[in-house]
Amino acid sequence: MSPTTPQPVDLMIEARWVVPVEPHAVVLEDHAVVVQGDHIIALLPIAEARAAYAPRERIELGEHALIPGLINAHTHNPMTLLRGLADDLPLMVWLQQHIWPAEAKVIGPEFVRDGVELAVAEMLRGGTTCANENYFFPDVIGATYRKLGFRAVIGLPVIEFPTAWAKSQDEYFERAGEVHDSFRADALISTAFAPHAPYTVSDESFERIRVLADQLDIPVHLHTHETAHEVEEEKKKSGLRPFQRLQKLGLVNDRLIAVHMTQLTDGEIAACAEAGVSVVHCPESNLKLASGFCPAEKLRQAGVNVALGTDGCASNNDLDMFGEMRTAALLAKAVAEDASAFDAAYALRAATLNSAKAMGLEAKIGSIEVGKQADLTAVRLSDLETQPLFHVVSQLIYASGRHQVSDVWIAGRRKLAERVLIGMDTDAILARTRAWRERIIAG
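Residues numbered from 1 in each chain as written. Predicted model: local features only at pLDDT ≥ 70, side-chain atom pairs only at ≥ 80, totals over all residues. Heavy atoms only, no water.

Visitor: Go over the packing of aromatic side chains with me, naming the residues and quoting the values.
Guide: Tallied over the entire structure, the rule returns seven aromatic pairs. Measuring from ring centre to ring centre gives 5.5 Å for phenylalanine 137 and tryptophan 165, while their planes differ by 65°; the resulting arrangement is edge-to-face. Remark: tryptophan 165 occurs in the loop between strand 7 (151–158) and helix 5 (169–182) and phenylalanine 137 occurs in the loop between strand 6 (128–133) and helix 4 (138–148); sequence separation between them is 28 residues. As far as burial versus exposure is concerned, phenylalanine 137 and tryptophan 165 are alike and both buried. The cationic tip of arginine 175 hangs over the ring face of tryptophan 165; the distance from NZ or CZ to the ring centre is 3.7 Å. Looking at arginine 300, its charged tip hangs above the ring of tyrosine 346, at a distance of 5.4 Å from the centre. (Phe/Tyr/Trp six-rings, centres within 6.5 Å; stacked < 30°, edge-to-face > 60°. Helix = DSSP H or I, 4+ residues; strand = E, 2+ residues; numbered from the N terminus. Buried < 20%, exposed > 50% of the residue type's maximum accessible area, 1.4 Å probe, protein only. Lys NZ or Arg CZ within 6 Å of the ring centre and 35° of its normal.)

Structure follows, in structure tokens:
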């Protein structure tokens, strides 16, 4: 092949703007992303790309921003089937008196499968290409994501009481090992330990998790410091704040994905930064449950990796990462009393590269860079609601909505084409969802 002969490739996506996230806050005008197989092989001006490559498929996005696929760093996606079941309640009342009893009546492989499928359809239509999952029946969850071609980290649940998934501490760990092994070589699915929270997990279980997480080289994903009540109860029980207890047990390290973190001292923030802990901020769930305010800007300034998640639909009530980015940016400004806090470019980074880093996937996803997986989201910016356009990233965070997501790719495969889901039967998903509603109402 001569130097002037264009190289055959699978896909070229030409966009009015490409926002790669890395380098930070950069916007590239009239650029193309070139994809071969599942990964990005070039990012360059459109004219140069056309001269150098002969794509089998060319997508022209003349009114769009192309961004990395959004990454939901904390969610319970089977609970999408419980959306709106119990609202306007404090956390422990919501959880103990409504959610846990409802789950006990319906939880099982079919509930989990159908909830995940509904969630994937919603996430794709909102530009999300990866989720950090935390729920029971992780074998079914992983198999469903795999079938749908959606990227996910599957939580291996540990909790100190019997559930439909496991009846004893030993069984939780045995089943965790089996699920981890079943996805060990999977291109899209990986695993993390998912102990529920310090108030539902014993020291003995945490010690086992610490050893196994090191051996298996996987993260530990748990709720902690979600409410002031949680912190006070732990102090009464052990004399320690939950974070102090995790420190004592050796879990405060660069594997820890600490979710919520609304109750933090300056010392705890500094300890997170020093240890390499990732904090997942779930602003809308925390606001709705009145759990408190994560000091997101303080964490950012201290050098802590701050990621974003929606939490589950039972407490949010959606999987809208565009809404989450906007809320995170606005809330951080009010909490910090600083209008420059958690700026738009950082909000986008928190929902992409920072979330990838929290999950141990930053070498594969989270930014549009050569060598990374082609997980991409196109956002149409020509709508009335996003005009006039002065600053692309600001418009993405403060004015755009998930309804403007037009196209999505995961590992180079198109999953959403001009707002139409590919390979998913939306009528069947809706029919199953309505059937679950009737079953949940009937109790």
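Visitor: Just give me the short version of the environment of valine 26, but keep the residues and values in it.
Guide: Note that valine 26 resides in the loop between strand 1 (7–18) and strand 2 (28–36). Given the relative accessible area of 27%, valine 26 is considered partly exposed. Along the sequence, valine 26 and serine 291 sit 265 residues apart, while their C-alpha atoms lie 35 Å from each other. Every residue in contact with valine 26, bar those within four places of it in the chain, is listed here: Val18, Val19 and Pro20. (Contact = heavy atoms within 4.5 Å.)

Visitor: An account of the side chain of arginine 241 is requested, with residue identities and associated values reported.
Guide: If you trace the backbone, arginine 241 turns up in the loop between helix 7 (228–238) and helix 8 (242–248). Taking relative accessible area as the criterion, arginine 241 reaches 17% and is therefore assigned buried. Contact partners of arginine 241, with chain neighbours within four places excluded, come to His225, Val231, Glu234, Lys235, Gln263, Leu264, Thr265 and Glu268.

Visitor: Give me unusual backbone geometry: which residues, what numbers.
Guide: With the exception of glycine, most residues fall at negative phi, and the peptide bonds are largely trans. Following glutamate 22, the chain continues into proline 23 via a peptide bond in cis, with omega recorded as 5°. For proline 23, the position within the fold is in the loop between strand 1 and strand 2. Notably, aspartate 88 is not glycine yet its phi reads approximately 60°, a positive angle. Among the structural elements, aspartate 88 can be located in the loop between strand 5 (70–75) and helix 2 (91–106). The backbone phi angle of aspartate 217 is positive, close to 60°, even though this residue is not glycine. Within the secondary structure, aspartate 217 is located in the loop between helix 6 (203–216) and strand 9 (220–224).

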